[in-house]
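Structural overview
Each chain, written out:
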Amino acid sequence: CLQLVIQTSSIADKNKPFEFRINKEQSSFHNRLLQHDLEKNYSGRQGNAHSSSITSFPVLQRTAEEKILNSDRLTLERQKLTVCPIIDGEDHLRLLNFQHNFITRIQNISNLQHLVFLDLYDNQIEEISGLSTLRSLRVLLLGKNRLKKISNLENLKNLDVLDLHGNQITKIENINHLGELRVLNLARNLLTIVENVNGLDSLTELNLRHNQVCKDVDTLPCLQRLFLSFNNISSFEDILCLADSSSLSDITLDGNPIAQETWYKHTVLHHMMQLRQLDMKRITEEERRMASVAARKEEERKRESHKQTLLKEKKRLTICNIAHQWEIQQNRVALVASLNPDKDNEPCQINGSAAYVFPEESRSLDTILSSAVQGLSVLESHLVEVEGDTLYLYGSGALECLDRNWSVQTAGTVVTVSFMFIEFDEIVQVLTKLKIKFPNSVHLKFKETNLVALQQFNALAQVNRIEQLTVDPQGNPVVSFTLWKYYVLFRLNHFNLQKINGIEVTQNDIVMAERLFGILAYVASSELPHYRMLSLLGESRRKQFHYLLEGKGKKSGIGNEEMSNDNRRAGGESTARATLNYSTKDFHMEKLEEIKERKTLCQTYIENLVKEAADINMKNESLQKLWPQMFIELVRDAVIEIRNKNSYMKLCLQRIADQK
């Protein structure tokens, strides 16, 4: 027979207790407090003597026999308690169990200073309190409550196990002083980061299952078991610091995004060689060996990927720098043009470059990438890149790549050549090299090349073959001309262009181009002298032209009109188009300079001839005036000299002797 006494204690009046006794057979669970609605009974017996606001607590007293049977422990689980009862005369208790009740606040246990084990699992506690006097407490179980914050544990320095799972805690705090703590359970809370755990030098087990942890898992010196299942860890770098832990032997990461990766297990085992269990499964030596091999392959893949990332970043920085230099150059040209508007002897230079849209700056790079990118040179003024079947040329310096010794295989794969941030006049100078170096190139792209006039398209006739032409509106004002496509079709008719700016060329387009610009070519060719025409034609065309002009016309006695018709039938149309050529600004300036030098040379030569002729004439006139007197003096001297024959002979002999 177990005899328990439940007593009601009112804070307002403790001298009038209400007592009752209950006898019950106890078969298996001892120290069980029976359900009793104390407040209701107490208020019913007291009538209206006390108001409903008075707080009252049940007072628990065990019999002497019960105390002897379980002297140091008391179990009050599943009793639907809403408050902690006053435990009278139990100062020696070491274990107290309040599991599965409805307690909202920890109180009335401050007198149990020898308490070592306190279990308040599955209650409704919202704040940790009332524990400051329990300095001997070693195990505190507060799982499945309503806690939102860790607090008021300052005096529990001997705590060995702390269970706070199943609460609403958002931050780890106020536990740094628990140097003796070995087990910490924070599973099923709202944690996103593991912090403020420095000082937990004795912690061997940390349970963080079912949280929202995504990174920064700090290393603890004695940690052996770490449970991180079902969190938000997506990268191995987030837990890389754990690889330095020599004590860690058991870790769980299942349920995280990282566990879905193919490299997950191999990478973890490779970096954490000290592990004995992963995701609650024992690790075999074969798994370690395979993990080491797979991890090496993964490292090589990452290094290659990192290298490619660096190359892409360097490419981006270089293109940005080239674009910046191009914009500065175009602004300078525009400024010079605005300051010198009256120069008619130079080709008009139009600033066709719109403000270039720089690629978006990379805002987030990992630490390694950031440090590596700092070493990249951003002073590169050009870039050459072969990607697939396209050769990309950025900046005028890239044109020098055409002088390289390209391999036959690489040169043969190039189908498209793209020019960016290069003056078209500079491109014209290398077009002949283009058809030699890359014989299979059939597609030309121009972006930010300052195409400003239709006549510039004449230069493309130098290329071996073109099937597609792409002229980007950015930096090429000529695209704004309505008829530019028709002019291209007319001038490059012999290439049989298939696409212009990605649009298929139709037969109607070709007919329209001929109607619009055919007369222009006819006028240009008819007004051009024969010697100038010959300079525009190739060797085979020159022979054909000579045959038409000289051989066939003379032998057959054909008139000029019939010869002209034969000339057109034999290819005169292409000849007419050839008269529509383009001279670059530099070439034009060189011609002007050459003409100027020739003019100066001729002028100097004529001036010297005139001066020399004037001198000769002046000397002739002077001679005519002086000659009569000179003749008289010559005759007189001769007569005087030979007047004395002997003296003259002696003088002559003397001269002959002196000469010997």
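Refer to the structure printed above.
Being a predicted model, the structure only gives us computed values, none of them experimental.

**Some remarks on the sheet that holds strand β18 (residues 416–420)**
Ordered in space as β16-β17-β18-β19-β20-β21-β22, the 7 strands form an open sheet in which the pairing is mixed. Of all strands in the sheet, those with a lone pairing partner are β16 (383–387) and β22 (503–504), marking the two edges. Examined bridge by bridge, strand β21 (residues 499–500) and β22 share 2 bridges and lie antiparallel to one another. Within β22, the position partnered with I500 by the bridge is I503. Packing of helix α4 (residues 285–339) onto the sheet brings it into contact with β16 and β17 (390–394), and relative to β16 it is tilted by some 130 degrees.

**Points about the side chain of S129**
Along the chain, the position of S129 falls in the loop between β7 (117–119) and β8 (139–141). Beyond its immediate stretch of four places on either side in the chain, S129 contacts R105, I106 and N152.

**A short note on unusual backbone geometry**
With glycine set apart, most residues show a phi of negative sign, and most peptide bonds adopt trans. Positive phi values are uncommon outside glycine, yet N196 reaches one of about 55 degrees. Structurally, N196 is set in the loop between β10 (183–185) and β11 (205–207). Its relative accessible area of 27% is what places N196 among the partly exposed residues. With a phi angle near 65 degrees, M280 is a residue other than glycine that sits in the positive phi range.

**A closer look at the nonpolar core**
Ranked by internal contacts, the top residues of the largest apolar core, which has 66 residues, are F98, L118 and L140. Setting aside anything within four residues of it in sequence, one finds F98 in contact with L76, L81, C84, P85, I87, I103, I109, L118, D119, L120, Y121 and N123. Residues A411, F438, A459 and F517 belong to the second largest nonpolar core, which totals 46 residues.

**Comments concerning the pattern of salt bridges**
Tallied over the entire structure, the rule returns 15 salt bridges. Across the salt bridge formed by E286 and R289, the nearest N and O atoms sit 2.7 Å from each other. Separated by 3 residues within a single helix, E286 and R289 lie in helix α4, roughly one turn from each other. Here R289 falls in the partly exposed class, since its relative accessible area comes to 48%.

**Overview of the packing of helix α9 (residues 484–491) against helix α10 (residues 507–526)**
Put simply, α9 and α10 touch, their axes get as near as 8 Å, and they point 75 degrees apart. Between α9 and α10, the angle is such that the two are roughly perpendicular. Here Y486, Y487, L489 and F490 of α9 come into contact with α10, specifically with D509, I510, M512, A513, E514, L516, F517, G518, L520 and A521. Class assignment for the residues of the contact of α9 with α10 results in 11 nonpolar, 1 polar and 2 charged.

Analysis parameters
- Residues numbered from 1 in each chain as written.
- Predicted model: local features only at pLDDT ≥ 70, side-chain atom pairs only at ≥ 80, totals over all residues.
- Heavy atoms only, no water.
- Pairing = 2+ DSSP bridges.
- Helix = DSSP H or I, 4+ residues; strand = E, 2+ residues; numbered from the N terminus.
- Contact = heavy atoms within 4.5 Å.
- Axes fitted to C-alpha atoms, helices over the stretch in contact; angles between N-to-C directions.
- Buried < 20%, exposed > 50% of the residue type's maximum accessible area, 1.4 Å probe, protein only.
- Core = buried A, V, L, I, M, F, W, Y, C linked by side-chain atoms within 4.5 Å.
- Salt bridge = Lys/Arg side-chain N within 4 Å of Asp/Glu carboxyl O.
- Parallel < 35°, antiparallel > 145°, perpendicular 65-115°, else oblique.
- Nonpolar A, V, L, I, M, F, W, Y, C, P; charged D, E, K, R; others polar.

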